[in-house]
Amino acid sequence: MIKIPFNKPYITGTEITYVQEAIVSGKLSGDGSFTKKCHQFFEQKYGFTKVLLTTSCTDALELAAILLNIKDGDEVIMPSYTFVSTANAFVLRGAKIIFADSLLNHPNIDVSKVESLITQKTIAIVPVHYGGVACEMDELIAIANKYNLFVIEDAAQAIDSFYKGKPLGSFGHLAAFSFHDTKNIICGEGGMLVVNDAQFVKRAEIVREKGTNRSAFFRGEVDKYGWVDMGSSFLLSDILAAFLWGQLLEMEVIQTKRKKLWHIYYEKLSKISTRIIIPQLNTNQTNNAHAFYIICKNLDERNSLIAYLKDKGIAAVFHYVSLHKSVFYADIHGNNPLPACEKFSDCLLRLPLFADLNENCVNEVCQAIIDFYQ
Ligand SMILES: *Cc1c(COP(=O)(O)O)cnc(C)c1O
């Protein structure tokens, strides 16, 4: 029986009040007052040019791919060690995904490997800030600028995290965040598109509103609205935006709790750092405590550890299976091994981490891991 789950959605207690307010207001669809509050919160706190809540991060990525006019045969570079949505968003528009390897010591894209992957067909690079820890953005942006490429940040896990003091999500032309209930700040299912390049602002609103200029109409900028572009239905219900609003007001509390637990893991597991690798950050990066993971020696060792922990009622889980070796993409990717990525697929193990996880439980998990290795 599982005593310590891997994740449990953290509820601040205020969500229900705001959800009720949204229901009573009679505005249940998207872009109601709570959506506007959330947009303002992000634009003010992080200085993002334009924020649009979406139904998910997956949808925010799909919206981004539409905005870039990705078409058949275009190439998009991204890490193989990521969630399927990062790739699907571009595959849906006909792109070929060019997978890059991870860094040796971190699942993030190895920026030094990117330049050699660029061809005449390359349109965009999609860095994924794994565990909310920043990719090497200065170098990545320099490469993108040199070849005139777009940068879309998959910042699904990267809320309230920074690179050289600047918030993640503010580097790319576009960025996508997630509020899925496995993330730090949640509303069940939800996401947001951040538009940093002003040229995309107007069209982002249109594509998100089924290809209509309805947003401009509601602001009184046009006297009727109609079908002006391709698009889809990407608006988050205001009921969920109300839930999200409850979370945003407690963001500091949530982040503080998560960071405290993260540091207990870090301290305790440092003692066996000759047996396992634990996350290390450099001075350019911050920790938003999205995830705490360890790197085991090999797949067998990780599987034994998972079983050992499960036996003690602790749920620890592995993460991405390399996309370049997936059933769907292995043939297209071809025979080009990405050894760092494959190592993380085999050896990375995520430990329970959620805001109201008891500190004693964290100690218990650490002790179990230490026992396993002794
Ligand atoms: C969670 C996640 C997504 C997808 O987010 P949804 O909101 O569930 O669509 C995409 N990319 C990464 C890296 C993620 O961690």
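Refer to the structure above for everything that follows.
Residues numbered from 1 in each chain as written. Predicted model: local features only at pLDDT ≥ 70, side-chain atom pairs only at ≥ 80, totals over all residues. Heavy atoms only, no water.

**Q** What's the story with the nonpolar core in this structure? I'm lost.
**A** Among soluble globular proteins, nonpolar side chains are generally buried collectively. Counting residues in hydrophobic clusters, the biggest one holds 53 residues, and the most contacted among them are F42, I77, F179, M192 and L248. Top contributing element to this core by residue count: helix α8 (residues 238-249), with six residues. Judged by nonpolar contacts, the second largest core, of 44 residues, contains V195, L323, C347 and L348. (Core = buried A, V, L, I, M, F, W, Y, C linked by side-chain atoms within 4.5 Å. Buried < 20%, exposed > 50% of the residue type's maximum accessible area, 1.4 Å probe, protein only. Helix = DSSP H or I, 4+ residues; strand = E, 2+ residues; numbered from the N terminus.)

**Q** I would appreciate a short explanation of the side chain of H290 in the present structure.
**A** By the element assignment, H290 lies in the loop between α9 (251-270) and β10 (293-295). Among the polar contacts listed, one links the side chain of H290 to the side chain of N184, at a separation of 2.9 Å. Among all residues touching H290, those that are not within four sequence positions of it are G131, G132, Q157, T182, K183, N184, R258 and L353. (Polar contact = N/O pair within 3.5 Å; in protein donor to acceptor, adjacent residues only side chain to side chain. Contact = heavy atoms within 4.5 Å.)

**Q** What is the right way to look at the site of the ligand in this model?
**A** Of all residues adjacent to the ligand, which total 14 residues, the nearest are T58, D154, Q157, S178 and K183. Between the ligand and S178, the relevant distance is 2.7 Å, taken from an oxygen atom to a side-chain nitrogen or oxygen of the residue. At 3.2 Å, a side-chain N or O of K183 approaches an oxygen atom of the ligand. When the ligand is considered free in solution it has 390 Å² of accessible area, and contact with the protein chains removes 93% of it. Tallied by class, residues from the shell around the ligand come to five nonpolar, seven polar and two charged. (Near = heavy atom within 4 Å. Areas by Shrake-Rupley, 256 points an atom, 1.4 Å probe, with all protein chains shown as cover. Nonpolar A, V, L, I, M, F, W, Y, C, P; charged D, E, K, R; others polar.)

**Q** Quick question: what am I supposed to make of the pattern of salt bridges here?
**A** A side chain of one charge can pair with a side chain of the opposite charge if their charged atoms are brought near each other. Scanning all chains against the criterion turns up 17 salt bridges. For the salt bridge of E205 with K50, the shortest nitrogen-to-oxygen distance reads 3.3 Å. Residue E205 is found in helix α6 (residues 201-208), and its partner K50 is found in strand β1 (residues 50-54); the two are separated by 155 residues along the sequence. Judged by relative accessible area, which is 19%, K50 ranks as buried. E209 is paired through a salt bridge with R214; the nearest N and O atoms lie 3.6 Å apart. R214 gets classed as partly exposed once you look at its relative accessible area, which sits at 26%. Counted as one network, the salt bridges with shared partners bring together K50, E205, R219 and E221. (Salt bridge = Lys/Arg side-chain N within 4 Å of Asp/Glu carboxyl O.)

**Q** Hey, could you run me through the pairing of strand β8 (residues 174-178) in this one?
**A** Sheet faces and side chains relate simply in a regular strand, where the side chains alternate between the two faces. The buried fraction of β8 is high, at five of five residues. Of the two faces of β8, both are covered, the one formed by L174, A176 and S178 as well as the one formed by A175 and F177. Bridge count between strand β5 (residues 150-154) and β8: three bridges; the pairing is parallel. Paired with I152 across the strands is L174, a residue of β8. Judged from the five bridges that link them, β8 and strand β9 (residues 191-195) form a sheet pairing that is antiparallel. Bridged to A176 within β9 is L193. (Pairing = 2+ DSSP bridges.)

**Q** Please explain the environment of Y18 as it appears in this structure.
**A** With respect to the helices and strands, the residue Y18 is situated in helix α1 (residues 15-25). Spatially, the C-alpha atom of Y18 lies 9.0 Å from that of A241, the residues being 223 residues apart in sequence.

**Q** What is the right way to read the environment of F372 from this model?
**A** Its place among the elements puts F372 in helix α13 (residues 359-373). For the pair F372 and L305, spaced 67 residues apart in sequence, the C-alpha to C-alpha distance is 7.1 Å. The residues contacting F372, other than those within four sequence positions of it, are E301, S304, L305 and Y308.

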